[in-house]
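Reading the structure
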Amino acid sequence: QLYRDARECLTLLSQRLGSQKFFFGDSPASLDALVFSRLAPLLKAKLPNGKLQQHLKSLQNLCNHCAAILSLYFPWDGGERPPGAADRPPGPA
């Protein structure tokens, strides 16, 4: 039942997002941050049962939503270092 509820939730989020980049237009809002905080780990984590992850990956607009947030707020995630990172030694801050 829990899996079915989660799958339905993802489907409803996908339908609400539609072809928009963000839920309320051209710029992200609090809902975008909340949705990203739940979906990004689900997209990236190695899970013992990947059924929900596979469903999420089939919802291309939600995957694109996560990618848009990543590129907007975490541009270094693609291998680039954040500004000023070369000035800091590696490891915890």
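Scroll up a little and you will see the structure.
Notes on the structure in this doc start here. (Residues numbered from 1 in each chain as written. Predicted model: local features only at pLDDT ≥ 70, side-chain atom pairs only at ≥ 80, totals over all residues. Heavy atoms only, no water.)

1. Section: the side chain of Asn61
Turning to its location among the elements, Asn61 is positioned in helix 4 (residues 60–73). For Asn61, a relative accessible area of 17% puts it in the buried group. A distance of 2.7 Å separates polar atoms of two side chains, one belonging to Asn61 and the other to Ser14. Those residues in contact with Asn61, other than ones at most four positions away along the chain, are Ser14, Leu17 and Gly18. (Helix = DSSP H or I, 4+ residues; strand = E, 2+ residues; numbered from the N terminus. Buried < 20%, exposed > 50% of the residue type's maximum accessible area, 1.4 Å probe, protein only. Polar contact = N/O pair within 3.5 Å; in protein donor to acceptor, adjacent residues only side chain to side chain. Contact = heavy atoms within 4.5 Å.)

2. Looking at the packing of helix 3 (residues 51–58) against helix 4
In a packed pair of helices, the relevant descriptors are the angle between the two axes and the axis-to-axis distance. One can describe the packing of helix 3 onto helix 4 by two numbers: an axis separation of 5 Å at closest approach and a directional angle of 85°. The pairing of helix 3 with helix 4 is recorded here as roughly perpendicular in orientation. Listed contacts from helix 4 to Leu56, Lys57 and Ser58 of helix 3 are Gln60, Leu62 and Cys63. Classifying every residue of the contact of helix 3 with helix 4 by side-chain character gives three nonpolar, two polar and one charged. (Axes fitted to C-alpha atoms, helices over the stretch in contact; angles between N-to-C directions. Parallel < 35°, antiparallel > 145°, perpendicular 65-115°, else oblique. Nonpolar A, V, L, I, M, F, W, Y, C, P; charged D, E, K, R; others polar.)

3. So, the environment of Phe22
One can find Phe22 in the loop between helix 1 (2–17) and helix 2 (30–44). With 42 residues separating them along the chain, Phe22 and Asn64 place their C-alpha atoms 9.6 Å apart. In this structure Phe22 touches Leu17, Ser27, Pro28, Asp32, His65, Ala68, Ile69 and Leu72, once residues within four positions along its chain are discounted.

4. A look at the nonpolar core
With 18 residues, the main nonpolar core has Leu10, Phe23, Leu39, Leu56 and Leu62 as its most contacted residues. Contributions of two or more residues to this core are made by helix 1, helix 2 and helix 4. Residue contributions to this core peak at six residues, all from helix 2. Residue contacts for Leu10: discarding those within four places in its chain leaves Leu39, Leu42, Leu52, His55, Leu56, Leu59 and Leu62. (Core = buried A, V, L, I, M, F, W, Y, C linked by side-chain atoms within 4.5 Å.)

5. Things to note about the state of the cysteines
One pass over the structure, following the stated rule, counts zero disulfides. Cysteine Cys66 is unpaired, with the sulfur of Cys63 as its nearest cysteine sulfur at 6.8 Å. Taking relative accessible area as the criterion, Cys66 reaches 3% and is therefore assigned buried. (Disulfide = S-S within 2.5 Å.)

6. Description of the environment of Leu10
Looking at the element boundaries, Leu10 is found in helix 1. The exposure class of Leu10 is buried, given its relative accessible area of 5%. Sequence-wise, Leu10 and His55 are 45 residues apart; in three dimensions their C-alpha atoms are separated by 8.1 Å.

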